[in-house]
Amino acid sequence: MCRTFLYALFGVAASLLAGGCAGPEQQVEHQHSPTEGLAPEACLQDDALPSLLCAEVPTPFVDSKGQWWVVWAQRDHVYMATSSNLKEGFSSPLQITSKPLPVDKNGENRPKIIVAKNADIYVSFTTKGQRKYTGAVYFSRSIDGGKSFSEPMPITDEDASVSQRFDSLAVTPSGRIYLAWLDKREWFSAVRNDEPYRGISLYYTWSDNRGESFAVNTKSADHTCECCRTAMALDGEKPVIAWRHMFEPNIRDHAIMQLGEKKSLVRISEDRWAIDGCPHHGPALSITDTGDQHIVWYTDGEARSGLFYAYSGATKETFTAPFGFGNIENQASHPDVLSTGQSVFLTWKEFTGEASELYFMQSADGGQTWSTPLRIASSNGPADHPFLVVANGWVHASWSSMVEGWRSMRLAPVVENQKAGAV
Amino acid sequence: MRYFPGACVLMSLIVFATFPIQADESQKFIQGSFEAILKSHKDKPLIVNFWSVTCPPCLVEMPLWKNLRLNSPEVNLVLVSTDKPEDVDRIEHVLNRYGLADATSWIFADPFKERLRYEIDKKWRGELPRTYFISRNGEKKAYSGMVEETVLQTWVKQEVGS
């Protein structure tokens, strides 16, 4: 019997070597790589150089002089490049991370860059943590106009970091830096005590010394959704944040508040989306010089489904009735909003079944009436979340797609040369 | 050896016996995969669960699938991770941890996720977990968020009558 077994084994080996006796049909199908023909060949190489063509989740900022700053992830690093004139292109990419880090790089989690009035450059990003659904928010700065960046440092003040993700970054006119994120420390401590805790929490910190050090990590709100980006914008010196909250028992509707001002928390809309799941779809926020808050979001609630826009009333305690936009049949998603004076601009992406498309619409009366949506770009591959920025008096869309890389599109003039918003 | 025509048969047996271990490794989910999954489980009650390592509720839901396999083996279960193929270690770590190492597992392998989703279900906008209950007669029901135990049990009862 033993001999038979050995013979059999030998037979197998011999047959395999000889390529003889056919075994079961090979299950492996020889498919083309799904990225084949989508991503540029140069970007698929292991040693692909950092570039805006190969950039993953590039995110723009335009400073008050109209200078473009784009930050992105590529493999295990974070890079930045700048341009004073898009026609002439960008500077050579500068690597911000000194050692490889597991940078979280998806539409909802992406590096951010912001330039202060004093020309300091601040960057934040999230890395994936060791444990599941954990991460760490990092901060780095350049105080020499972008020639060099400080070693990125984790923003947590815990002895043993639990988890921070979905960071937002803003710098006020007076130079205070705000960083806000979704934190799991409350959730973990509840779990340790065998107590229930709905969602996770919204935390923030600030720096008054150009990012050399940060204040204690401070909780702003309990019970946020765990998996959607936050959106921060400034109302003068005041940091205002919008996020997907978790109202009782599991209603993932949106809320807005001034950081740290618990009484200022307002529910933007009663969409009533009850889901024990992850939408992976956070809001965007823009605030005008006069303090009007404009917000866009996605919901699939009992009350409504799709992309919606609303703006705050004079008291900021209520928002207008949600205004729906985008083609829900075409997966309209990930909108951005930009407001300046009475002008409000929206952008979002859709998917036709074949192609990714970028749309744009505008309002000249503070968001009361809207233009017809305009399709401004298309791509035959996957595309990133779009963003709106103002540069030299024009609204631009910033969009990245796997086939074309990063691009910007000049869309509409604005009445005054507005300061760029927070990212 | 010459008088051992059974070598091929034996070899096949050995290879077949070995193959399930490999078959348990996650397969690449591309365009057409959903249709292929439906076809290969035709006439059987099937649950397809889309999940991700970045979705906490998806993990909370995992014990439900483990119990389903233990208690209702007549129901076929397919788990599809919407992460990337390079996340395979994290994905398999999660499956191992929840006693689902030998469950049928697929991983999204097309960066054009909208295209995959559109093909699976135009109405699915990417929220997770997303579960499809497919009856023997092919009738499909979609469910967003964690499936409630009672919802699952009612469906299983209706499908397998136990």
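Residues numbered from 1 in each chain as written. Chains lettered and ligands numbered in written order. Predicted model: local features only at pLDDT ≥ 70, side-chain atom pairs only at ≥ 80, totals over all residues. Heavy atoms only, no water.

**As for the nonpolar core**
Under the convention used in this document: We call a set of buried residues a nonpolar core when its members are Ala, Val, Leu, Ile, Met, Phe, Trp, Tyr or Cys and they connect through side-chain atoms within 4.5 Å of each other. Accessible area is worked out with a 1.4 Å probe on protein chains only. A residue is then buried under 20% of its type maximum, exposed over 50%, and partly exposed in between. Here a strand is any run of E in DSSP of at least two residues, a helix any run of H or I of at least four, and the numbering for each starts at the N terminus. For this analysis, residues touch if any pair of their heavy atoms sits within 4.5 Å.
With 65 residues, the main nonpolar core has Phe29(B), Val48(B), Phe50(B), Trp51(B) and Trp65(B) as its most contacted residues. Considering each element in turn, this core owes the most residues, six residues, to helix α3 (residues 56-71) of chain B. In contact with Phe50(B), other than residues within four places in its own chain, are Phe29(B), Phe34(B), Val80(B), Thr82(B), Phe108(B), Ile120(B), Trp124(B), Leu128(B), Pro129(B), Arg130(B) and Tyr132(B). Counting residues in hydrophobic clusters, the runner-up holds 31 residues, among them Val57(A), Val78(A), Met80(A) and Tyr122(A).

**A short note on the pattern of salt bridges**
All names here are of chain A. The line we're drawing: Salt-bridge detection follows one rule: a side-chain nitrogen of Lys or Arg within 4 Å of a carboxyl oxygen of Asp or Glu.
Scanning all chains against the criterion turns up 25 salt bridges over all chains. Its salt-bridge partner being Lys105, residue Glu56 comes within 3.3 Å of it at the nearest N-O pair. In this pair, Glu56 sits in strand β1 (residues 56-62) while Lys105 sits in the loop between β4 (94-95) and β5 (112-115), placing the two residues 49 residues apart along the sequence. The partner of Glu357 in a salt bridge is Arg375, and the shortest N-O contact between them spans 2.8 Å. On the criterion of sequence distance, the pair formed by Glu357 in strand β23 (residues 356-363) and Arg375 in strand β24 (residues 374-379) is long-range, its members being 18 residues apart. Salt bridges sharing common partners tie together Asp157, Glu158, Asp183 and Arg185.

**A few points about the sheet that holds strand β9 (residues 164-171) of chain A**
Residues and elements named next belong to chain A. Put simply, the rule is: DSSP-based pairing: two strands are paired if at least 2 bridges between them are found. In this analysis, axes come from line fits to C-alpha atoms, helices being fitted only over the stretch in contact, and the angle between any two N-to-C directions falls in the range 0 to 180 degrees.
Across the sheet, four strands lie side by side as β9-β10-β11-β12; this open sheet has antiparallel pairing. Each edge of the sheet is formed by a strand with only one pairing partner; in this case those strands are β9 and β12 (218-224). Within this sheet the neighbouring strands show an average axis-to-axis angle of 20°, counted without direction. Contacts from helix α3 (residues 185-192) reach β9, β10 (177-183), β11 (200-207) and β12 within the one sheet, and its direction differs from that of β11 by about 135°.

**Section: the confidence of the model for chain A**
Residue and element names in this part refer to chain A. Filter applied, for reference: Residue-level confidence of the predictor, termed pLDDT, takes values from 0 up to 100.
Mean pLDDT over chain A: 89, with 89% of residues reaching 70 or higher. In this model residues 1-33 is a low-confidence stretch, pLDDT under 50, and it forms 20 contacts with partners more than four residues away in sequence or in other chains. Low confidence marks residues 417-423, where pLDDT is under 50. Its contacts with residues over four positions away, or in another chain, come to 24 contacts.

**Some details on the sheet that holds strand β5 (residues 130-134) of chain B**
Think of a sheet as strands paired side by side through backbone hydrogen bonds, with each pair either parallel or antiparallel. Residue and element names in this part refer to chain B. Spatial ordering of the open sheet is given by β1-β4-β3-β2-β5-β6, a layout of six strands whose pairing is mixed. Of all the strands in the sheet, just β1 (27-29) and β6 (140-144) have a single pairing partner and so form its edges. When the angles between neighbouring strand axes are averaged without regard to direction, this sheet yields 25°. As defined by bridge partners, strand β2 (residues 46-51) adjoins strand β3 (residues 76-81) across six bridges and the pair is classed as parallel. If you follow Asn49 over to β3, its bridge partner there is Leu79. Running at roughly 160° to β2, α3 makes contact with β2, β3 and β5 of the sheet.

**Digging into unusual backbone geometry**
Across the junction of Glu248(A) and Pro249(A), the peptide omega takes the value -10°, indicating a cis bond. Topologically, Pro249(A) is positioned in the loop between β14 (238-244) and β15 (254-258). The peptide bond linking Leu128(B) to Pro129(B) adopts the cis configuration, its omega dihedral lying at -10°. By secondary structure assignment, the location of Pro129(B) is in the loop between α5 (113-120) and β5. The phi angle at His223(A) is positive, at roughly 65°, despite the residue not being glycine.

**Here we look at the packing of aromatic side chains**
Centre-to-centre distance and the angle between the planes together describe a pair of aromatic rings. Note the cut-off: Here a pair means two rings of Phe, Tyr or Trp (six-membered ring of Trp) with centres within 6.5 Å. Their orientation is stacked below 30 degrees between planes, edge-to-face above 60, and tilted elsewhere. Our definition puts a charge over a ring when NZ of Lys or CZ of Arg is within 6 Å of the ring centre and also within 35 degrees of the ring normal.
The tally for this structure, following the rule as stated, stands at 29 aromatic pairs over all chains. Relative to Trp124(B), the ring of Phe50(B) has its centre 4.9 Å away and its plane inclined at 45°; by these criteria the two rings are tilted. One end of the pair, Phe50(B), is in strand β2; the other, Trp124(B), is in the loop between α5 and β5, and 74 residues separate them in sequence. Both residues of the pair, Phe50(B) and Trp124(B), count as buried. Grouping aromatic residues by their ring pairs yields a cluster made of Phe29(B), Phe34(B), Phe50(B), Trp106(B), Phe108(B), Trp124(B) and Tyr132(B). Note that Arg304(A) overlies the ring of Phe308(A), its terminal NZ or CZ placed 5.9 Å from the centroid. For the cation-ring pair, Arg410(A) lies above Trp394(A), with the distance from its terminal atom to the ring centre recorded as 3.8 Å.

**Here's the deal with the pairing of β14(A)**
Residue and element names in this part refer to chain A. Where burial is concerned, most of β14 is hidden: six out of the seven residues are buried. As defined by bridge partners, strand β13 (residues 231-235) adjoins β14 across five bridges and the pair is classed as antiparallel. Paired with Ala233 across the bridge in β14 is Val240. The antiparallel pairing of β13 with β14 creates a hairpin that spans two residues between the two strands, and Gly236 there sits at a positive phi of about 65°.

**Observations concerning the state of the cysteines**
Stated precisely, the cut-off is as follows: When two cysteine sulfur atoms are found within 2.5 Å, that pair is recorded as a disulfide.
Summed over the entire model, instances satisfying the criterion amount to three disulfides over all chains. Sulfur-sulfur distance for the disulfide between Cys227(A) and Cys278(A) comes to 2.5 Å. Negative torsions about the S-S bond denote left-handed disulfides, and the value of about -100° found for Cys227(A) with Cys278(A) makes this one left-handed. You can see Cys227(A) sitting in the loop between β12 and β13 and its partner Cys278(A) sitting in the loop between β16 (266-267) and β17 (284-287), a full 51 residues away along the chain. A residue is classified by how much of its surface remains accessible, and Cys227(A), at 0% relative accessible area, is buried. Judged by its relative accessible area of 0%, Cys278(A) is buried. With its sulfur 2.2 Å from that of its partner, Cys55(B) forms a disulfide with Cys58(B).

**What about the packing of α3(B) against helix α6 (residues 149-160) of chain B?**
All names here are of chain B. The test is simple: Small angles under 35 degrees read as roughly parallel and large ones over 145 as roughly antiparallel, with 65 to 115 read as roughly perpendicular and the rest as oblique. In a left-handed crossing the near helix is turned counterclockwise from the far helix by less than a right angle, and in a right-handed crossing that turn is clockwise. Polar here means any residue outside two lists: the nonpolar Ala, Val, Leu, Ile, Met, Phe, Trp, Tyr, Cys and Pro, and the charged Asp, Glu, Lys and Arg; Gly therefore counts as polar.
Relative orientation of the contacting elements α3 and α6 amounts to 25°, with a least axis distance of 11 Å. Classified by the angle between their axes, α3 and α6 sit roughly parallel to one another. Where α3 crosses over α6, the two elements pack in a sense that is right-handed. Across the interface between the two elements, Leu64, Trp65 and Leu68 of α3 pack against Glu149, Leu152 and Val156 of α6. When grouped by side-chain class, the residues that make up the contact of α3 with α6 number five nonpolar, no polar and one charged.

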